[in-house]
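The chain contents come next:
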Amino acid sequence: MGTRHPSPRRRWLVITGICVLTALVAAAALRSPSPVGHWNSSQGRDEFAEVYAEAFAALPEPERTLDVRTDFGIVRAYRFAGDGDASAPLVLLPGRASASPVWADNLPSLLDIGDVYTIDLLGEPGMSVQDRPIENDADQARWLHQALDGLPEDGFHVVGLSIGGWTAANLATRQPDLIETLTLIDPVHVFSDIPLGTVVRALPAALPWLPRSWRDGFNSWTAGGVPVEDVPVADMIEAGMRHYTLRLPQPTRISEEELGRLGMPVLAVIAGDSVMHDAEEAVATAERTLAPGEGGGTVRLYPDASHAVSGEYPEEIAADVAAFVGRG
């Protein structure tokens, strides 16, 4: 599946040990009784904003910054003008706590396809601001649908990474009318469950009062052993983990029946060495439930990729997405 790109920064981009939801929700429950995600102090918010800006500087200049009001808070979106002529813009949903800067190395090749929006997930560290509890999967779909509906276009090629993949799939099963195509990059809680060993290993990483080295060690493990120190995106994610309290519900695994009912074309990208699921099971589930052919599913296995697949293979993934949306 092409040539692997071992750049530490690229491989960091999709480190999502922090997407192990059980550990993070448990840690959040110990930190604050607030019903919405929030910063624990103004100093922590300022520290995060500083490292967010540093990481964001690696992205192309956005054409426009939008703050879209939803029933659950204000969603931050950035619009980037592309060079391609895709039928609709791409909308990129990041992994847990990683926000828009996680796409820095993917954007140049994705912009060859067409215009691109990146979104900071609501209830996560980032520039989106939650002000009402998100209580279940239906609420997760509702805020995202409202955010997309607040953008100028009438349809989108939605691309979700890790927990962003679950967020995209959850929307597609509940309110699919704005989705032209759906791309799921090593999604969690979609084609396979997170292994118990990964959840157990994530527990120390979810506790902000423990040394950063514990979180860095786990995050490096999820990305195949790459070092994560002195990386701007890593600094941003660590600041978010340390200073922001999540108040999000545990997502429900997308059922095979729901996957089989999806009406739009679906591209599933599975990392063969991902620790976030059983890759063999994920491929089998995707191939079994996403009917092939027009309006159906396409499954791509990247056999040597870790969960950091989009950072390891940005050009290859862009080529797969381009072909999938009909502009390859």
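Residues numbered from 1 in each chain as written. Predicted model: local features only at pLDDT ≥ 70, side-chain atom pairs only at ≥ 80, totals over all residues. Heavy atoms only, no water.

**Quick word on the pattern of salt bridges**
1) Next: Counted according to the given criterion, the structure contains 13 salt bridges.
2) Next: The partner of Glu63 in a salt bridge is Arg79, with the nearest N and O atoms 2.6 Å apart. Placement of the pair is Glu63 in the loop between α3 (42-56) and β2 (64-70) and Arg79 in strand β3 (residues 73-80), with a sequence separation of 16 residues.
3) Next: One salt bridge connects Asp137 with Arg174, and the closest N-O pair in it is separated by 3.9 Å. Placement of the pair is Asp137 in helix α5 (residues 137-149) and Arg174 in helix α6 (residues 163-174), with a sequence separation of 37 residues.
4) Next: Judged by its relative accessible area of 9%, Asp137 is buried.
5) Next: Several salt bridges share partner residues, and in doing so they unite Glu63, Arg79, Asp115 and Glu153 into one network. (Salt bridge = Lys/Arg side-chain N within 4 Å of Asp/Glu carboxyl O. Helix = DSSP H or I, 4+ residues; strand = E, 2+ residues; numbered from the N terminus. Buried < 20%, exposed > 50% of the residue type's maximum accessible area, 1.4 Å probe, protein only.)

**Quick word on the packing of α5 against α6**
1) Next: Orientation of α5 relative to α6, taken along the N-to-C sense of each, is 90°, at an axis distance of 9 Å. The angle between the axes of α5 and α6 places the two elements in the roughly perpendicular class. Seen from α5, the contacting residues are Asp137, Ala138, Gln140, Ala141, Trp143, Leu144, His145 and Leu148; seen from α6, they are Trp166, Thr167, Asn170, Leu171 and Arg174.
2) Next: Split into classes, the residues belonging to the contact of α5 with α6 amount to 7 nonpolar, 4 polar and 2 charged. (Axes fitted to C-alpha atoms, helices over the stretch in contact; angles between N-to-C directions. Parallel < 35°, antiparallel > 145°, perpendicular 65-115°, else oblique. Contact = heavy atoms within 4.5 Å. Nonpolar A, V, L, I, M, F, W, Y, C, P; charged D, E, K, R; others polar.)

**What about empty space enclosed by the protein?**
1) Next: Counted under the stated rule, the structure contains 4 cavities of 30 Å³ or more.
2) Next: Taken together, Arg96, Leu121, Leu122, Glu124, Gln140, Trp143, Ile163, Trp166, Thr167, Leu248, Pro249 and Pro251 make up the lining of the second largest cavity.
3) Next: Elements with a minimum of two residues in the lining of the second largest cavity: α5 and α6.
4) Next: Of the residues belonging to the lining of the second largest cavity, the class tally is 8 nonpolar, 2 polar and 2 charged. (1 Å grid on protein atoms, 1.4 Å probe; cavity = no way out; pocket = protein on both sides within 12 Å on 5 of 7 lines; lining within 4 Å. Points joined across faces, edges and corners; volume = space filled by probe spheres on them.)

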